[in-house]
Amino acid sequence: APPPDLDLDERFGYAQAYAGLADCYSSLVLYSEFPPNETFPKAKDAALKAVELDETVAAAHSALGTVRLWFDWDYTASEREFKRAIELDPGDALAHESYSLYLRAVVRLDEALSEVKRAQELDPLSIYMSNSMAWVLYFRGQHDEAISQFQNTLDMDPTLGNPHWGIGRAYEQKGMYQEAIAEMQKGGPDFPIRLGTLGHVYALKG
């Protein structure tokens, strides 16, 4: 816990740190195999502490928005936190990208595309933003454009697995099952959602 009687700069710094910790915990669930019921409460505690320390830190609200979305399933509270983050720091690329994930989840895909485009404008060299753009295109049914964007991400970092999985998902939607299997295997289906998706393509292929 932070020491008592912090000045404003110290509170801001601690809030940023707790927000980062919350995002790390959330990522362990969303992008790996860590159990949600054990890991998300830690993310929530850290995000709440960040907001408590300094309500003006955009990253704190963005981190809390992620928890509200994926752990509490409270869509109203989640959107409120993301909007507050963007209000506090319109130049925060991660806040825009995180809000786009919310908009994807509630199937407001035109808005999701707008937010992720803004995130890319703010951080054009980010591999994460590039990959997130590809997923928005995928969920919009723009499968050829999604494949191209996933490939752009791989051009930035050929070691990534997620873009291969994304390309495989797009091929699946196009009925190109053998190509989908090949891409998903390149992506290293090393945790449940990827394994389940690969199994689904095998079933579709017969």
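Residues numbered from 1 in each chain as written. Predicted model: local features only at pLDDT ≥ 70, side-chain atom pairs only at ≥ 80, totals over all residues. Heavy atoms only, no water.

What about the layout of surface pockets?
Here the idea is plain: a probe the size of a water molecule rolls over the atoms and shows the empty space left.
Now for step 1: Reported here for the largest pocket is a volume of approximately 860 Å³.
Now for step 2: In terms of lining, the largest pocket is formed by 28 residues, of which the most central are L30, Y31, R104, N162 and W165.
Now for step 3: Residue assignment for the lining of the largest pocket shows that the elements contributing at least two residues are α1 (8-30), α2 (36-53), α5 (93-105), α7 (127-139), α9 (162-173) and α11 (192-205).
Now for step 4: Among the elements that line the lining of the largest pocket, the one with the most residues is α7, at six residues.
Now for step 5: For the second largest pocket, the calculated volume is near 170 Å³.
Now for step 6: Taken together, D23, S26, S27, L30, Y31, T66, W70, L94, E97, S98, L101 and Y128 make up the lining of the second largest pocket.
Now for step 7: Contributions of two or more residues to the lining of the second largest pocket are made by α1, α3 (58-70) and α5.
Now for step 8: Of the residues that constitute the lining of the second largest pocket, the class distribution is six nonpolar, four polar and two charged. (1 Å grid on protein atoms, 1.4 Å probe; cavity = no way out; pocket = protein on both sides within 12 Å on 5 of 7 lines; lining within 4 Å. Points joined across faces, edges and corners; volume = space filled by probe spheres on them. Helix = DSSP H or I, 4+ residues; strand = E, 2+ residues; numbered from the N terminus. Nonpolar A, V, L, I, M, F, W, Y, C, P; charged D, E, K, R; others polar.)

As for the packing of α2 against α3
Now for step 1: Two numbers describe how α2 lies on α3: the axes approach to 8 Å, and their chain directions differ by 145°. Between α2 and α3 lies a crossing of left-handed hand. Contacts between α2 and α3 pair F40, A43, K44, A47, L48, A50 and V51 from the former with A60, H61, A63, L64, V67, R68 and W70 from the latter.
Now for step 2: Residues of the contact of α2 with α3, tallied by class, amount to eleven nonpolar, one polar and two charged. (Axes fitted to C-alpha atoms, helices over the stretch in contact; angles between N-to-C directions. Left-handed = near helix turned anticlockwise from the far one by under 90°. Contact = heavy atoms within 4.5 Å.)

Some details on α5
Now for step 1: Taking 1.5 Å per residue, 13 residues should reach 18 Å; α5 reaches 19 Å between its end C-alpha atoms and fits that length.
Now for step 2: Of all 13 residues making up α5, ten are buried, and the element is well covered by its neighbours.
Now for step 3: At its buried positions, α5 is contacted by α3, α4 (75-88), α6 (109-122) and α7.
Now for step 4: Capping of α5 at its N-terminal end is provided by D92; its side-chain oxygen lies 3.0 Å from the backbone amide nitrogen of L94. (Expected span 1.5 Å × (residues − 1). Buried < 20%, exposed > 50% of the residue type's maximum accessible area, 1.4 Å probe, protein only. Polar contact = N/O pair within 3.5 Å; in protein donor to acceptor, adjacent residues only side chain to side chain.)

Things to note about unusual backbone geometry
Now for step 1: Although it is not a glycine, W73 adopts a positive phi angle of roughly 55°.
Now for step 2: For W73, the location among the structural elements is in the loop between α3 and α4.
Now for step 3: W73 sits in the exposed class, given a relative accessible area of 55%.
Now for step 4: Phi at V107 is positive, roughly 60°, even though this residue is not glycine.
Now for step 5: If you trace the backbone, V107 turns up in the loop between α5 and α6.
Now for step 6: Exposure remark for V107: the relative accessible area of 61% places this residue in the exposed category.

Digging into the packing of aromatic side chains
Now for step 1: Within this structure, the stated rule accounts for eleven aromatic pairs.
Now for step 2: With 6.4 Å between their ring centres and 75° between their planes, Y75 and Y102 make a pair best called edge-to-face. Residue Y75 is located in helix α4, and its partner Y102 is located in helix α5; the two are separated by 27 residues in the primary sequence.
Now for step 3: Relative to Y102, the ring of Y99 lies with its centre 5.9 Å away and its plane at 15°, an arrangement referred to as stacked. One end of the pair is Y99 and the other is Y102, both in helix α5 and three residues apart, which spans about a single turn. Neither Y99 nor Y102 differs from the other in exposure class; each is buried.
Now for step 4: An aromatic cluster of three or more residues is present, and its members are W135, Y138, F139, F150 and W165. (Phe/Tyr/Trp six-rings, centres within 6.5 Å; stacked < 30°, edge-to-face > 60°.)

So, the side chain of E97
Now for step 1: Position of E97 among the secondary structure elements: in helix α5.
Now for step 2: Although buried, E97 forms no salt bridge, and the nearest oppositely charged side chain, R104, lies 5.4 Å from it. (Lys, Arg positive; Asp, Glu negative; His and termini not counted. Salt bridge = Lys/Arg side-chain N within 4 Å of Asp/Glu carboxyl O.)

Brief notes about the packing of α7 against helix α8 (residues 143-156)
Now for step 1: Between α7 and α8, the shortest axis-to-axis distance is 8 Å and the interhelical angle comes to 165°. As the angle between them shows, α7 and α8 are arranged roughly antiparallel. Handedness of the α7/α8 crossing: left-handed. Here I127, S130, N131, M133, A134, W135, L137 and Y138 of α7 come into contact with α8, specifically with H143, E145, A146, Q149, F150, N152, T153 and M156.
Now for step 2: Looking at side-chain class alone, the contact of α7 with α8 contains nine nonpolar, six polar and one charged residues. (Parallel < 35°, antiparallel > 145°, perpendicular 65-115°, else oblique.)

Everything listed is a geometric property; what it means functionally is a separate question.
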